[in-house]
Amino acid sequence: MRDPKRVAILISGRGSNMRALVEGARNYEVALIASNKPQAAGLGWARGRGLPTWSLESKGTAKEAYDRILNAALDDHSIGTIALAGFMRILSPWFVEVWSGRIVNIHPSLLPKYRGLDTHARALAAGDQISGCSVHIVTEELDAGEVLGQAEVPIQPGDTPGTLEQRVLTAEHALYPEVLNAFVLR
Ligand code: GRF
């Protein structure tokens, strides 16, 4: 049975937001770290913490077929909430429907601005004074679901996409656990 307080974190890479979510858990339990990249650096950290992990390379498997296998792993762990944290793969419509309203993601912009990739370069190119990050519900449309929380990060003179990314990432690490702790209670 799905328990909203049992959270799976889905990663593809370094997993710095995953770490923040593990360390900031109050109202939820991180019951599974799952990855579509068996070599993802974040998996090693999770194993070192004794957290349950699951991984399967997604390349070469049809999207929905892969998502059905992932779904079975989530059900095995009685997951009720999914937090995407640098999960670099678009989920199939089937999966998004099955988990409707129960998948959240963190995105490095103040949505609805800059959906998709290269958010920092785009904010700088637009001459924005303020950037930031958003936690939102995942729907079929990319980065378009309900925004659950945001943090603003002022853009500084001389900022590059790299320097801005670093400061926004720090803000992400504070925002994501705060929003997830509230989300699992609603
Ligand atoms: C972050 O910038 C996050 O906003 C975006 O992907 C990146 C993941 O970084 N969705 P990490 O793996 O959590 O360090």
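Here the structure is a predicted model, which means the values were calculated and not measured.

A closer look at the overall build of the protein chain
- Of the regular secondary structure elements, the protein chain holds 6 helices and 7 strands.
- In the protein chain, the order of α-helices and β-strands from amino to carboxyl end is β-α-β-α-β-α-β-α-β-α-β-β-α.
- The globule rule puts the C-alpha radius of gyration for 186 residues at 16 Å, and the 16 Å found for the protein chain is close to it.
- Projected onto its principal axes, the C-alpha coordinates of the protein chain cover approximately 50 × 35 × 30 Å.

As for the site of the ligand
- Around the ligand sit Arg14, Gly15, Ser16, Asn17, Gly86, Ile106, Pro108 and Glu172, and those are all the residues in its vicinity.
- Here an oxygen atom of the ligand and a backbone polar atom of glycine 15 are 3.0 Å apart.
- Burial of the ligand by the protein amounts to 86% of the accessible area it has alone, namely 370 Å².
- Comparing atom positions with the cavity grids shows the ligand to sit within the largest pocket.
- When grouped by side-chain class, the residues that make up the shell around the ligand number 2 nonpolar, 4 polar and 2 charged.

Considering helix H1 (residues 16-23)
- The buried count for H1 comes to 6 of 8 residues, which makes it a mostly enclosed element.
- Tucked inside the fold, the buried residues of H1 contact strand E1 (3-11), strand E2 (29-35), helix H2 (41-48), strand E4 (79-84), strand E5 (103-107) and helix H6 (161-183).

So, H2
- All buried positions along H2 are accounted for by Gly42, Leu43 and Ala46. Buried residues of H2, viewed axially, fall in a sector of 100 degrees; they line one side. Within H2, the exposed residues directed more than 90 degrees away from the buried face are Ala41 and Gly48.
- On its buried side, H2 packs onto E1, H1, E2 and strand E3 (53-55).
- The positive-phi residue at the C-terminal boundary of H2 is glycine 50, with phi of around 75 degrees.

Observations regarding the layout of surface pockets
- Roughly 950 Å³ of volume is contained in the largest pocket.
- Contributing elements (two or more residues each) for the lining of the largest pocket: H1, helix H4 (93-98), E5, helix H5 (119-125) and H6.
- Counted by class, the lining of the largest pocket contains 14 nonpolar, 13 polar and 8 charged residues.

Regarding the packing of aromatic side chains
- Under the definition given, this model contains 3 aromatic pairs.
- For arginine 2, the ring lying beneath its charged end belongs to tryptophan 99, and the centroid distance is 3.5 Å.
- Sitting over the face of the ring of tryptophan 94, arginine 68 holds its NZ or CZ atom 4.1 Å from the ring centroid.

Re the pairing of E1
- Pairing between E1 and E4: 5 bridges, direction parallel. Looking at E4, one finds that valine 7 is bridged to threonine 81.
- In this sheet, E2 lies alongside E1 in parallel orientation, the contact comprising 6 bridges. Residue pairing in the sheet places isoleucine 9 in a bridge with isoleucine 33 of E2.

Regarding the nonpolar core
- Counting residues in each nonpolar core, the largest one holds 34 residues, and the members touching the most others are Ile9, Ile11, Ile33, Ala83, Tyr176 and Leu180.
- Breaking this core down by element, the ones donating at least two residues are E1, H1, E2, H2, E5, strand E6 (130-137), strand E7 (147-154) and H6.
- At 8 residues, H6 tops the list of elements feeding residues into this core.
- Excluding residues within four positions of it along the chain, tyrosine 176 makes contact with Asn17, Leu21, Ala83, Leu84, Ala85, Val104, Asn105, Ile106 and Val135.
- Counting residues in each nonpolar core, the second largest holds 20 residues, with Ala73, Ile82, Val96 and Trp99 among its members.

Analysis parameters
- Residues numbered from 1 in each chain as written.
- Predicted model: local features only at pLDDT ≥ 70, side-chain atom pairs only at ≥ 80, totals over all residues.
- Heavy atoms only, no water.
- Helix = DSSP H or I, 4+ residues; strand = E, 2+ residues; numbered from the N terminus.
- Rg over C-alpha atoms; globule rule 2.2 N^0.38 Å.
- Near = heavy atom within 4 Å.
- Polar contact = N/O pair within 3.5 Å; in protein donor to acceptor, adjacent residues only side chain to side chain.
- Areas by Shrake-Rupley, 256 points an atom, 1.4 Å probe, with all protein chains shown as cover.
- 1 Å grid on protein atoms, 1.4 Å probe; cavity = no way out; pocket = protein on both sides within 12 Å on 5 of 7 lines; lining within 4 Å.
- Sits in = over half its atoms within 2 Å of the grid points.
- Nonpolar A, V, L, I, M, F, W, Y, C, P; charged D, E, K, R; others polar.
- Buried < 20%, exposed > 50% of the residue type's maximum accessible area, 1.4 Å probe, protein only.
- Contact = heavy atoms within 4.5 Å.
- Arc of directions from axis to C-beta.
- Points joined across faces, edges and corners; volume = space filled by probe spheres on them.
- Phe/Tyr/Trp six-rings, centres within 6.5 Å; stacked < 30°, edge-to-face > 60°.
- Lys NZ or Arg CZ within 6 Å of the ring centre and 35° of its normal.
- Pairing = 2+ DSSP bridges.
- Core = buried A, V, L, I, M, F, W, Y, C linked by side-chain atoms within 4.5 Å.

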